[in-house]
Each structure stands twice: as C-alpha cells, then as structure tokens.
Amino acid sequence: MMRTPLIFDWKTWALAAKYVQQGKLLDLKNDVNFKSFFGGSSKESMYCRCKMISAVIGKKVTSAVIVNPQLTPLRFKGKYPTLDLRCTLEDGSEVDVEIQGKYYRDEFINRTLYYTSRLVAETLDSGSLYKDMPHVYQITFANFSFIDDTSLHHSYTFREDTSKDQLTDMVQIHFIEMQKLKNPTNTPKESLSDLQFWAMIVFGGDDPKVQNWLSQFKEHTEELNMVNLLLKRLSRNRRDWARYIFADKPARDIASRTEIELRQVREEGREEGAHNRAVKVARNLLKINLSPEQIADVVDLPVEEIRKLQ
C-alpha cells in the first residue's frame, strides 16, 4: 500500500495533536482558519457564510457559492500567497471577504482598491451589456483600527464630493474594525446586532469567555449553535491545526526575532555600538511596516532619523 507523503514536519504535527487533545479552538483571525470556517461546503459553513455576509451588506443572503474553494498549498516557496474568500450570491452579486491582521499604512487602502477593481473587472464577460453588471462588495475584517472614531463598521460607495449625493451603490467597500470590540464582555448590552455578533465570532470566538457572553443573547442562539458545531469540528481536525501552525510560523518567527533584538537594544543602553544596533533594529521594524513614531518608542533613535531610514 502506498504511503501518504509527509507534508508537515514532525514538530508541527506533534503540536497540532497537542492542541486537539487540549480542546483548543482555532483562531478565526488567522486567514487559513477564516477560510476553512466560512469557505467550506458543509451546511454549517454555508449557513455561517450567508449570515455573516448578510450582516455586513444589510440584505438577506440565502446562497453564497464559493468561487475559489482551494486553500493555501501546503508546500510553497517564496512569498506567501494571499488568501481571500470570494463568492457569488443568488442575485449574481460578487463578494470578496478579506481578513487582515496588520495595518500597512502605505498599502492597505490601495490594496483594497486594487482588489475591488479586480472584482469589478471580472464581473462581465466579453459581449455582456454594462447594464447587467452585478453589485460588487469588498469586505475586510480588520484586526486593527485606522479610522478615528468608535464605529465598528464603515461602508463606502461613489458619492459627489460637495452634495454627497450617491452616484451608485453598485460598488461597495466595507471595513469592520474588530479592535473596537475590545473588552465587550465588560459592558453587557440589551441587544446585539447581527454584525456585532459575527464580528465578535471572528475576533474572539475561540475564547470561552466570549462564547459565554454571547450565549446570553437568545436572539442569536441558532447562529451560536451553528458556530460552535462548526468551530469545534474544525478544531478537532489535526490537519487543520497543522495547516494553521505551518502558515502562522513566518509571522511568529519575525515577532520572536524582533523581540530578541529589542531586548538586546534595551540592555546595551549607552554602550558603544548601541546606536548601530538600534539602526539595524529600526530597519527591521520598518520592513514590517511599523511607523517611525512606533519605532521611536522602543529604540533610542529620533523620529527624524528613523524617517530618513524609511
């Protein structure tokens, strides 16, 4: 009998087995887990996908067919490929849902516009009439805050600059800033909107405290039952855990190396060579798109010098 080729290294496979045994739940803020959860073919996944999209765009969705069902290859070299969740709704509308973990100041908005433009360009075939163009929805669940207010959800369409009259809502861009949900369990509410519920599931659905808090809202009992059923089933799958650990390793390695370098800079203080070391660390931090102001908080360099390095 032919053996199944070993895809994961033994450390990854062993750690995955440990998490399954401990009963840990997968973190949906990770793009691999996000797509496994919302992009599956099971009735629970299809239910959660439709409910989540409905909550964001504000209209009932009964069917959301996945256009890109493949997950990330388990063997790859070079740049890590982008994961997204693209689907077609029952009325022909096209939807792309992204999960974004870090804010890249000079790239995030442009990246969103690029994805939206690509989605629009692919809605019509050669010879199709422009009047037949379907609605396009670009949705991003962001694990950071970049708009200076307290609103969880922002949506954008084409509007006239002065009068603010809407030209069309055929193309919509939606941002859900999940960091604005921090410590929600400390402030009980009389009701919970559908969007707040799904943002909480993505942001902290793997936390038992969040699960218990959500269980008090009886109007969301059905959704929470479906979420628990699907999330627990995926979290018992050793391969899903291994895929998550494998995909998350580069980010964890960068964070670990950065912390070590920062610790060394702090310990060196004013010793000879500390400045050169600080410059080296600042360059590394710029590569992961921290701002000069953020870097200046942890390395002994003026903001202006860091800007020159940038």
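The rules behind each value
Residues numbered from 1 in each chain as written. Predicted model: local features only at pLDDT ≥ 70, side-chain atom pairs only at ≥ 80, totals over all residues. Heavy atoms only, no water. Helix = DSSP H or I, 4+ residues; strand = E, 2+ residues; numbered from the N terminus. Buried < 20%, exposed > 50% of the residue type's maximum accessible area, 1.4 Å probe, protein only. Contact = heavy atoms within 4.5 Å. Areas by Shrake-Rupley, 256 points an atom, 1.4 Å probe, with all protein chains shown as cover. Pairing = 2+ DSSP bridges. Axes fitted to C-alpha atoms, helices over the stretch in contact; angles between N-to-C directions.

Moving on to the overall build of the chain. Assigned secondary structure in the chain consists of eleven helices and six strands. Counting all 310 residues of the chain, 42% fall into the buried class. Contacts in the chain between residues far apart in sequence, at least 24 positions, make up 64% of those at least 6 positions apart. Element-wise, carbon and sulfur atoms account for 51% of the exposed surface of the chain, whose accessible area totals about 18200 Å².

Turning to the pairing of strand β3 (residues 94–100), a few remarks are in order. The element β3 is extensively covered by neighbouring structure, given that seven of its seven residues are classed as buried. With burial as the criterion, each face of β3 is covered, one bearing Glu94, Asp96, Glu98 and Gln100 and the other bearing Val95, Val97 and Ile99. Of the pairings in the sheet, the one linking strand β2 (residues 85–89) to β3 comprises four bridges and is antiparallel in character. If you follow Arg86 over to β3, its bridge partner there is Asp96. What sits between the antiparallel neighbours β2 and β3 is a turn of four residues, in which Gly92 has the positive phi angle 90°. In this sheet, strand β4 (residues 136–142) lies alongside β3 in parallel orientation, the contact comprising seven bridges.

Attention now moves to the side chain of Ser45. Mapped onto the secondary structure, Ser45 falls in helix α3 (residues 43–57). Overall, the relative accessible area of 1% leaves Ser45 in the buried class. Those residues in contact with Ser45, other than ones at most four positions away along the chain, are Ser36, Phe37, Phe38, Gly39, Gly40 and Leu230.

Attention now goes to the sheet that holds strand β6 (residues 166–177). Pairing in this open sheet of six strands is mixed, and the strands run β1-β2-β3-β4-β6-β5 from one edge to the other. Among the strands making up the open sheet, the edge pair consists of β1 (64–66) and β5 (153–159). With direction set aside, neighbouring strand axes in the sheet form an average angle of 25°. Of the strand pairs in this sheet, β5 and β6 are connected by six bridges, and their pairing is antiparallel. Each bridged residue has a counterpart across the sheet, and for Arg159 the counterpart in β6 is Gln166.

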